[in-house]
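# Inside the fold
The chain contents come next:
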Amino acid sequence: MTTRPETRATLYVVGNINVDLIMSTLHEWPKKGTEAMLESSSLRPGGSAGNCALALSALKSPFRLVANQGNDQFSDWLAGMFPESAALWPTCDYETSLTFGVTHPDHERTFFSNQGHIVRLSMQDVLAQIPETAQSGDWVLLCGTWLCTALYVQYPQLLAALKQRGYQVAIDSGWPPQDWSDELRQQAANWLPFCDALLLNEVETLGLANAETLDSAAMSLLGQMAENAFCVAKCGPDGARLWAKNLTLQQNAEPVDIVDTIGAGDSFNAGFLSALIYGLPPATALQWGVRVAGCAISSSPRRYPDWQSLFGLVEKI
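Residues numbered from 1 in each chain as written. Predicted model: local features only at pLDDT ≥ 70, side-chain atom pairs only at ≥ 80, totals over all residues. Heavy atoms only, no water.

## A short note on the UniProt feature "domain: Carbohydrate kinase PfkB" (unreviewed entry) in the chain
Threshold: UniProt positions are given in the numbering used here, feature names are shortened, and annotations may be inferred rather than shown by experiment. What counts as a helix is a DSSP run of H or I of at least four residues, what counts as a strand is a run of E of at least two, and both are numbered from the N terminus.
Taken from the UniProt record, the annotation "domain: Carbohydrate kinase PfkB" (unreviewed entry) applies to residues 11-300. In residues 11-300, helix accounts for 34% and strand for 22%; the two terminal C-alpha atoms are 26 Å from one another.

## Digging into the pairing of strand β1 (residues 11-14)
The cut-off we apply is this: Relative accessible area decides the class of each residue, using a 1.4 Å probe on protein chains only: under 20% of the type maximum gives buried, over 50% gives exposed, and in between gives partly exposed. Here, strands pair whenever DSSP counts at least two bridges between them.
Of the two faces of β1, both are covered, the one formed by Leu11 and Val13 as well as the one formed by Tyr12 and Val14. Where β1 lies against strand β4 (residues 63-66), 4 bridges are found, and the strand directions are parallel. Counted as the bridge partner of leucine 11 is phenylalanine 63 from β4. Taken together, the 4 bridges between β1 and strand β7 (residues 139-143) define a ladder with parallel strand orientation.

## Focus on the packing of aromatic side chains
As a reminder, the rule being used: Pairing of aromatic rings covers Phe, Tyr and the six-membered ring of Trp, with a centre-to-centre limit of 6.5 Å; geometry is then stacked below 30 degrees between planes, edge-to-face above 60, and tilted otherwise.
All chains considered together, the criterion is met by 14 aromatic pairs. On the basis of an interplanar angle of 55° and a centroid distance of 5.0 Å, the ring pair of tryptophan 146 and tyrosine 152 is categorised as tilted. Each member of the pair, tryptophan 146 together with tyrosine 152, is buried. Here phenylalanine 268 and phenylalanine 272 contribute two aromatic rings whose centre-to-centre distance is 5.7 Å and whose plane-to-plane angle is 20°, an arrangement assigned as stacked.

## Section: the sheet that holds strand β2 (residues 18-24)
Stated precisely, the cut-off is as follows: Fitting a line to C-alpha atoms yields each axis, with helices limited to the stretch in contact; the angle taken between N-to-C directions then spans 0 to 180 degrees. By definition, residues are in contact when any of their heavy atoms lie within 4.5 Å.
Taken in spatial order, the 4 strands of this open sheet run β3-β2-β5-β6, and their pairing is mixed. Both outer strands of the open sheet, β3 (40-46) and β6 (109-113), are each paired with one neighbouring strand and no more. Mean inter-strand twist for the sheet, computed between neighbouring axes without regard to direction, equals 20°. Across 7 bridges, β2 lies against β3 in antiparallel orientation. Counted as the bridge partner of leucine 21 is leucine 43 from β3. Relative to β3, helix α1 (residues 47-59) is tilted by about 95°, and along the sheet it contacts β2 and β3.

## Quick word on the sheet that holds strand β10 (residues 230-234)
The 8 strands lie next to each other as β4-β1-β7-β8-β9-β10-β11-β12, forming an open sheet whose pairing is mixed. Each of the sheet's edge strands pairs with one partner strand only, and the pair in question is β4 and β12 (247-251). Looking at each pair of strands side by side, their axes are set apart by 15° on average, direction ignored. In terms of strand pairing, β7 meets strand β8 (residues 168-172) through 5 bridges, oriented parallel. Its bridge partner being in β8, valine 140 is matched across the sheet by valine 169. Sheet strands in contact with helix α9 (residues 214-222) are β9 (197-201), β10 and β11 (240-244), and its direction is about 40° off that of β11.

## Section: the nonpolar core
Going by this rule: The criterion is simple. A nonpolar core is a set of buried Ala, Val, Leu, Ile, Met, Phe, Trp, Tyr and Cys residues joined through side-chain atoms within 4.5 Å.
Val13, Trp139, Leu141, Phe230, Phe272 and Leu273 are the most contacted members of the largest nonpolar core, which totals 50 residues. By size, the runner-up hydrophobic cluster in this structure holds 44 residues, among which are Val14, Ala134, Leu151 and Cys195.

## Examining the packing of helix α10 (residues 264-277) against helix α11 (residues 282-297)
Test applied: By convention the crossing between two helices is left-handed if the near helix lies anticlockwise of the far one by an angle smaller than a right angle, and right-handed if it lies clockwise.
In contact at an axis separation of 7 Å, α10 and α11 are set at 145° when each is read in the N-to-C sense. Classified by chirality, the crossing of α11 by α10 is right-handed. Here α10 contributes Ala264, Ser267, Phe268, Gly271, Phe272, Ser274, Ala275 and Leu276 to the contact with α11, which in turn contributes Pro282, Thr284, Ala285, Leu286, Trp288, Gly289, Val290, Val292, Ala293, Ala296 and Ile297.

## Regarding unusual backbone geometry
Backbone phi values are negative for most residues with the exception of glycine, while trans is the configuration of most peptide bonds. Cis rather than trans, the peptide bond between serine 24 and threonine 25 has omega equal to 0°. Along the chain, threonine 25 turns up in the loop between β2 and β3. With omega at 0°, the peptide bond leading from serine 300 into proline 301 counts as cis. Assignment of secondary structure puts proline 301 in the loop between α11 and α12 (307-316). In this model, asparagine 228 sits at a positive phi of 65°, which is unusual for a non-glycine residue. With respect to the helices and strands, asparagine 228 occurs in the loop between α9 and β10.

Structure representation (structure tokens):
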């Protein structure tokens, strides 16, 4: 029988948690002034940080969701999903951030979002919820970089403060709504030196690096990051790849029947970083990330692997 190892480390997930209303399946855009009936709907916590926190909760990994909250009818509902974390969330006098999403027959999706509370999250809000001294093995994951606009302008100072407190820092920036530009890449160059792990998908990796191949993009980004950092590209059905100093890893994904791809990369982040806070090596972290993401996208209601199956992967190495 697999024995789960002990850890005192915690993963702090910082960023955008909002309400997601997901409806399926939209076969064609309706004409203006008409109404369309869809087969199913789901109301759930969302956003990159919210999706990751849901996966971490299911995996029973030690984590805290670091965020703020709005002040409307959705605030208590959202906080009730993560009561221990939400006890520390500051309230701002704005509506809760809300995303309405529709999925298409090819499993792609379209999102419509307001701004709401997430654009008011600040560096002071974040640092007040994270211990001033890190425990050994603690990580901070920053999500929804381009959406948390007030926080983003403070990224260099925030990352420097987290590093000074002893945390290892991972970033999943997502795709910028305004698209990539030389200005955004220059801004990123100011915080990449404090970053220990980049967890982007393949097109985001290419976009941030302004490169034509994943290998050249990863090496370019690694050259700007902290010492002993690694760069991960999430490649969908092709699994994931990792680059570090003198190390390149590939983890293939098992074929699955896709049901719901929303939050696939966030589920990967949960599996990947869970392995790291248990002190496991990057190769195992890739395995965990790919396994968790595969379970998430192939199930409805969403399910995740149990810890026995994840630690079983460790025994096979």
